[in-house]
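Residue-level structural notes
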Amino acid sequence: MALTERTIIDKYEVVGPFKHIQCRHATVIERDGVEISRSFSRHVIAPSDDVTGEPQEVQALVALMHTPEVIAAYEAHVASQEV
């Protein structure tokens, strides 16, 4: 009986006016190749985030969605929220 565990990014969502990218991670546990458990976690990428450590697929999505205009609008919004 061999148990294996793997984590994959199985879903991407682009949300909000500043195009935040949500990446859903699925942790899959299998026994002898048959899935017995799956759990989820997420992380969010904002327009100002460094994505050099992200998979190439995520970097491509960021390059597409986080245009210079979106980044500038997000940074202006963040600056306006500072006290």
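As a starting point, this report considers the structure included with it. (Residues numbered from 1 in each chain as written. Predicted model: local features only at pLDDT ≥ 70, side-chain atom pairs only at ≥ 80, totals over all residues. Heavy atoms only, no water.)

Overview of the overall build of the protein chain
When helices and strands are counted, the protein chain shows two helices and three strands. Taken from the N to the C terminus, the helices and strands of the protein chain come in the order β-β-β-α-α. Scaling as 2.2 N^0.38, a compact globule of 83 residues should have a C-alpha radius of gyration of about 12 Å, whereas the protein chain reaches 17 Å, well beyond that. Along the first, second and third principal axes, the C-alpha set of the protein chain runs to 55 × 25 × 20 Å. (Helix = DSSP H or I, 4+ residues; strand = E, 2+ residues; numbered from the N terminus. Rg over C-alpha atoms; globule rule 2.2 N^0.38 Å.)

Considerations on the pattern of salt bridges
In the structure shown here, the tally under the stated rule is six salt bridges. In this structure, Arg38 engages Asp10 in a salt bridge whose closest nitrogen and oxygen atoms are separated by 4.0 Å. Of this pair, Arg38 sits in strand E3 (residues 34-45) while Asp10 sits in strand E1 (residues 3-15), and the two are 28 residues apart along the sequence. Judged by relative accessible area, which is 34%, Arg38 ranks as partly exposed. Taking relative accessible area as the criterion, Asp10 reaches 29% and is therefore assigned partly exposed. Among the ionic pairs, Glu13 bridges to Arg42, the shortest N-O distance being 3.0 Å. Here Glu13 is found in strand E1, whereas its partner Arg42 is found in strand E3, with 29 residues between them in sequence. In this structure, a network of salt bridges that share partners links the residues Asp10, Arg24, Glu35 and Arg38. (Salt bridge = Lys/Arg side-chain N within 4 Å of Asp/Glu carboxyl O. Buried < 20%, exposed > 50% of the residue type's maximum accessible area, 1.4 Å probe, protein only.)

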